[in-house]
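# Structure at a glance
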Amino acid sequence: MNNDLLKTKYEQIIEAIENAVTGGITWIDTAEYYADGYAETLIGTALKGAKRSSYQLCSKVWKTHLHRDDVWRAAENSLNRLKTDHFDLYLYHQIDESVPLEETIDALNELAEQKIALNIGVSNFNTERLERAMKLSQAPIVVNQVEYSLVCREPEKDL
């Protein structure tokens, strides 16, 4: 019988991530929101044996955790699930207008100052909000990760 048929989904996912990294994939992008943190857990498990310098890790804080203390707690939880001590890139994932942008950007700057996030960025920001964030931030905002595909062409118009 084929051994692959006997593997659980969990084992297949772990093996796929391990194979990706050993095969040369160096950029791993996830978020606390993906599968309610389980994606980070899977990645952390799969990367346990890999040299940390062999890949770069990006994660994102969700819109329900944008207050200062929540950003810190979310980052800590993500790092624990990912089994690492830092992010190569940490992003503000989704906008919540009820939380002042300044508060979230300040928290991201603190993470950058502490070298918990080597770089910071944002996701799904329009041009006006991105420019505001860049003015508020002491650390460079190195990316605005937006949805862009053959189906979603909005960035061509709005950015």
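Going along each chain's sequence as written, the residues are numbered from 1 onward. A pLDDT threshold of at least 70 governs which residues receive local features in this predicted model, and a stricter bar of 80 or more applies before side-chain atom pairs are shown or counted, although totals over entire chains, interfaces and linings include all residues. Side-chain descriptors were evaluated using all non-hydrogen atoms of the structure, hydrogens and water having been removed beforehand.

Here we come to the overall build of the chain. Only runs of H or I of at least four residues qualify as helices and only runs of E of at least two qualify as strands under DSSP, and these elements are numbered from the N terminus. Helix and strand counts for the chain come out as seven helices and five strands. Of the regular secondary structure in the chain, the N- to C-terminal order runs α-α-β-α-β-α-β-α-β-α-β-α. Each of the three principal axes of the chain carries a C-alpha extent, and together these read 60 × 40 × 25 Å. Per-residue burial for the chain yields a buried fraction of 41% across its 159 residues. At a minimum sequence separation of 6, the contacts of the chain that also span at least 24 residues come to 69%. Buried residues are those whose accessible area, probed at 1.4 Å on protein chains only, stays under 20% of the maximum for their type, while exposed residues exceed 50% and partly exposed ones sit between those limits. Contacts are assigned to residue pairs with any non-hydrogen atoms lying within 4.5 Å of each other.

A word on the nonpolar core. Among buried residues, those of type Ala, Val, Leu, Ile, Met, Phe, Trp, Tyr and Cys that are joined through side-chain atoms within 4.5 Å constitute a nonpolar core. Tyr90, Leu108 and Leu111 are the most contacted members of the largest nonpolar core, which totals 36 residues. For this core, the secondary structure elements donating two or more residues are helix H2 (9–22), helix H3 (38–46), strand E2 (56–61), helix H4 (68–82), strand E3 (89–92), helix H5 (101–113), strand E4 (120–123) and helix H6 (127–136). Among the elements that line this core, the one with the most residues is H5, at six residues.

So, about H4. Helical geometry note: an α-helix holds 3.6 residues per turn, so side chains three or four residues apart project in the same direction. Between its first and last C-alpha, H4 extends 21 Å over 15 residues, near the 21 Å set by a 1.5 Å rise per residue. Those residues of H4 hidden inside the fold are in contact with H3, E2, E3 and H5. At the C-terminal side of H4, Lys83 shows a positive phi close to 55°. The span one expects for a helix is its residue count, reduced by one, times 1.5 Å.

Turning our attention to the sheet that holds strand E1 (residues 27–29). Ordered in space as E1-E2-E3-E4-E5, the five strands form an open sheet in which the pairing is parallel. The sheet is open, and its two edges are formed by E1 and strand E5 (141–145), each paired on a single side. Taken over all neighbouring pairs, the strand axes of this sheet differ in orientation by 25° on average, direction set aside. Strand pairing is assigned whenever DSSP identifies at least 2 bridges connecting the two strands. Summarising the sheet, E3 and E4 pair through three bridges and their orientation is parallel. What sits directly across from Leu91, in E4, is Gly121. Running over the sheet, H5 touches E3, E4 and E5 and is turned about 170° from E3. Lines fitted to C-alpha atoms define the axes, with helix axes restricted to the stretch in contact, and inter-axis angles between N-to-C directions lie between 0 and 180 degrees.

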